[in-house]
Protein chains: 2
Amino acid sequence: MRVSSSLKDVAARAGVSARTVSNVVNGSARVAPETRRRVQEAIDELGYRPNLAARSLRAGRTGIIGLAIPELHSPYFAELAGLLVDEARRRSWTVVIDQTRGGAEAERRLLTGDGGRVMDGLIISPWALPAEDITAAARPLPVVLLGERSPHGLADRVAVDNVAAADEATAHLLSLGRRRVAAIGLQPHLRNGTAELRAEGYRAALRRAGIAPRPAWERPVTALHRSDGARAMAELLDAGAEPDAVFAFSDELALGALHTAHERGLRVPQDVAVVGFDDIEDGRFSHPTLTTVSPDKGQIAARALQCLADRIYSPRHDLPAADLTVPHRLVVRGSSATV
Amino acid sequence: MRVSSSLKDVAARAGVSARTVSNVVNGSARVAPETRRRVQEAIDELGYRPNLAARSLRAGRTGIIGLAIPELHSPYFAELAGLLVDEARRRSWTVVIDQTRGGAEAERRLLTGDGGRVMDGLIISPWALPAEDITAAARPLPVVLLGERSPHGLADRVAVDNVAAADEATAHLLSLGRRRVAAIGLQPHLRNGTAELRAEGYRAALRRAGIAPRPAWERPVTALHRSDGARAMAELLDAGAEPDAVFAFSDELALGALHTAHERGLRVPQDVAVVGFDDIEDGRFSHPTLTTVSPDKGQIAARALQCLADRIYSPRHDLPAADLTVPHRLVVRGSSATV
DNA sequence: CCAGGGTATTGCCACGTTGAAATCAACGAT
DNA sequence: ATCGTTGATTTCAACGTGGCAATACCCTGG
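Quick summary incoming for the structure in this document. (Residues numbered from 1 in each chain as written. Chains lettered and ligands numbered in written order. Predicted model: local features only at pLDDT ≥ 70, side-chain atom pairs only at ≥ 80, totals over all residues.)

## A few points about the overall build of chain A
The condition that has to hold: Each helix corresponds to a stretch of at least 4 residues labelled H or I by DSSP, and each strand to a stretch of at least 2 residues labelled E; elements are numbered beginning at the N terminus. With C-beta atoms placed from the backbone, a residue counts as buried when 20 or more other C-beta atoms lie within 10 Å of its own, as exposed when 12 or fewer do, and as partly exposed for counts between those limits. By the criterion used throughout, residues are in contact when their C-beta atoms, derived from the backbone, lie within 7 Å.
When helices and strands are counted, chain A shows 14 helices and twelve strands. Put simply, chain A has 339 residues, and 51% of those count as buried. Excluding contacts between residues fewer than 6 apart, the proportion of contacts in chain A whose partners are at least 24 apart in sequence is 69%.

Structure, rendered in structure tokens:
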């Protein structure tokens, strides 16, 4: 059996030209019913499948979009990736996933390397690289940024309102009567817009409640894993900050903080209330369950792909950059329950 | 600026033929240093990138491999996918990820649809479809099966020794003096080999300890999420099985079971010891931390890709199917600590 | 000054597909 | 009977690359 058959093989078998077979496959032109039947029969018999490489070469499009995220094993990104893959299938796109592992080099390679030629578009959650650099390197590849601060109209962007969401989360802790509200998750060493925005909202809520933000309450992290949250929480306690509440910039950090709280014999939420960000599944089954800011991930996925589709299928190269804000809501669970 | 430049454009600029540029790019033939310099210069100036579609068409290979897993947001698969993507980059392959969402239809579509033409090979963790069907549908695409029972030499397979691992986990619980050891995670309705194998090991360990396996102790689940584990645990308790230990076939199920135990006021490990399977990161930070069977995921990734590489780059189509067993170890943590 | 042998470079073609335009057949209207 | 029209099918060319074989070039030894 041949490894693969081509239009020509099918055409020979059906007694028509290759072009007619192409028409049957794509429905791009009218084909007589009888001819269509014969061709279809030949297709089935030979098990013909169109060669996508040839099709791409001809069309100048690959039907492949890239998704660049820092880490696939991070629950938030994994959930989001899952939704994006599903949504992409709905548009008959294939998704290639690239992990940047938080490296600026990886983010740049992705854009200047072969990636730029194989993908029709890219959805990226930037980490180390400023948004400006990304959009510059990517051109003319359509790019959608997730979460990052808006790059002044250089590329489409989809995100929750990080400032408002962080503000709400902090205000929620304050509404419980907590006054020493710490924050875990700053990343001053990185040009990471998301962390900056959440810190901004956190401080705004404190100020509105008449509390001056204190550097000692703001714990930086190098990465966003549970272990980083656990370490930051330990440092916070060791430094004698005596927080009665913690707002972690991600659920993973929050779960790490919970872990340390348990170790140190602190009761959650009685001694320390904890709020996270992302609404990953783990938080619904942790002990205690985790209060969190829940971004509408389904909408992030849908909107991001819509943006790409608009650019890929539109002949116009000067579409104004979209800056879409998707809804979020605060989900109150055990870790910040009223005591 | 041109959207993309071709060999021809570079050739024109450097004053050589397209073929010479191709030689410079691929190093496939000797090129005079001076010529190489001029060509490289032109490449840089034009920002030339090879067109992968054309290259694939010519070479008959795409450099893309598929990874089909039930769910991306499942921590185990997300971690594994991350490792596979990293390992694939090392071999300059790109990975497209497909989620079957546990559907037989999705698994079949993947193989018979366009996927089969765009991928050079496929790594699949089968769920609903018997391994035999998968390998039959895939031919002549090289396939590596993860975890599934060996399909009688039809395709390469990489997995831990599920029977032995489940046996060890159960034996560990028995060694703590537990006698009513329940199992959570059977999937009798699916043709899922992995669950069957783990049940086999579980029962073997019981029998060796002189305990007859009881159907009432074996709780089936429909999926492998935390919520399924939580439900199964609740059913187990409601049925009056009064287990003093639980072996869950995955960490997610185990974490769900922990959640229910907390809710019901059971102390872990004092009242019920719990062991999971997979060693996902969550288990290292849960409360209590989770005892689990830790498969060497790095080796699973490396070996699976090695198998694919062997088949893709080998002209021989009759390589015997490999059946590789990767090491695992039992990691004892809080959920089964000695009381 | 030329044959011989290597090195460097080139032209041509095919991979499988599809857009554009040409061809062919059939049919109704003039 | 002829022409125009519509519908169905075909021919031709090109997308960008790399294998193959041919060619142009240079140097050395006779």
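## Digging into the packing of helix α9 (residues 162-175) of chain B against helix α10 (residues 193-208) of chain B
Residues and elements named next belong to chain B. Let me state the cut-off plainly: Under this scheme, a helix contributes an axis fitted over its contacting stretch, all axes are lines through C-alpha atoms, and angles between N-to-C directions fall in the 0 to 180 degree range. The labels follow the angle: roughly parallel below 35 degrees, roughly antiparallel above 145, roughly perpendicular from 65 to 115, and oblique for the rest. The sense of a crossing depends on the near helix, which, turned anticlockwise from the far helix by less than a right angle, makes the crossing left-handed and, turned clockwise, makes it right-handed.
The contact between α9 and α10 brings their axes to 7 Å, and the two run at 40°. In this view, α9 runs oblique relative to α10, as classed from their interaxial angle. In terms of crossing hand, the pair formed by α9 and α10 is right-handed. Contacts between α9 and α10 pair N162, V163, A164, A165, A166, D167, T170, A171 and L174 from the former with T194, L197, R198, E200, G201, Y202, A204, A205 and L206 from the latter.

## Some thoughts on the sheet that holds strand β12 (residues 328-331) of chain A
Strand pairing in a sheet is mediated by backbone hydrogen bonds. Such pairs are either parallel or antiparallel. Residue and element names in this part refer to chain A. Stated formally: Strand pairing is defined by DSSP finding a minimum of two bridges between the two strands.
Strand order across the open sheet formed by six strands is β7-β6-β8-β9-β10-β12, with mixed pairing between neighbours. The sheet is open, and its two edges are formed by β7 (218-220) and β12, each paired on a single side. Along the sheet, successive strands turn relative to each other by an average axial angle of 15°, direction set aside. Lying over the sheet, helix α9 (residues 162-175) contacts β6 (181-186), β8 (245-248), β9 (273-277), β10 (291-295) and β12, oriented at roughly 170° with respect to β9. Along the sheet face, helix α11 (residues 226-238) touches β6, β7 and β8 and points at about 140° away from the line of β6.

## Description of the interface of chain A and chain B
It is common to report an interface's size as the accessible area lost on association of the parts. The following threshold applies: Each residue gets one label: Ala, Val, Leu, Ile, Met, Phe, Trp, Tyr, Cys and Pro are nonpolar, Asp, Glu, Lys and Arg are charged, and the others, such as Gly, are polar.
With 41 residues of chain A at the contact, the number on the chain B side is 41 residues. Elements with a minimum of two residues in the side of chain A that touches chain B: α4 (52-59), α5 (75-90), β2 (94-99), α7 (115-118), α11, α12 (251-263) and α13 (282-285) of chain A. When residues in the side of chain A that touches chain B are grouped by element, the largest group, seven residues, is from α5 of chain A. Along the lines of polarity and charge, the residues of the side of chain A that touches chain B split into 19 nonpolar, 13 polar and nine charged.

## Some words on the protein's contact with DNA strand D
The following threshold applies: Think of it this way: take the backbone, place a C-beta atom on it, and check whether that atom is within 6 Å of the molecule or strand, in which case the residue is near it.
Within the structure, DNA strand D sits among 26 residues, and S17, R30 and T35 of chain A together with L7 and N51 of chain B are positioned closest to it. Put simply, the parts of the chain that give the surface near DNA strand D at least two residues each are α2 (18-26) and α4 of chain A together with α2 (18-26) and α4 (52-59) of chain B. Among the residues forming the surface near DNA strand D, the class breakdown is twelve nonpolar, eight polar and six charged.

## A closer look at the relation of the copies chain A and chain B
Our working rule: To line up the copies, we fit them by least squares on C-alpha atoms, keeping just the residues with pLDDT of at least 70 in both.
With an RMSD of 0.1 Å, chain A superimposes on chain B once it is rotated by 180° and translated 0.1 Å along the axis. Taken together, the rotation and translation describe the operation of a two-fold axis. Interface residue correspondence from chain A to chain B reaches 100%, placing this contact among same-surface, isologous pairings.

## Here we look at the nonpolar core
Where we set the bar: Among buried residues, those of type Ala, Val, Leu, Ile, Met, Phe, Trp, Tyr and Cys that are joined through C-beta atoms within 7 Å form a set called a nonpolar core.
Core analysis: the biggest nonpolar cluster contains 167 residues, and L84 and A257 of chain A together with L84 and A257 of chain B have the highest contact counts within it. Setting aside its immediate chain neighbours within four residues, A257 of chain B contacts I184, G229, A230, A232, M233, V246, A248 and V274 of chain B.

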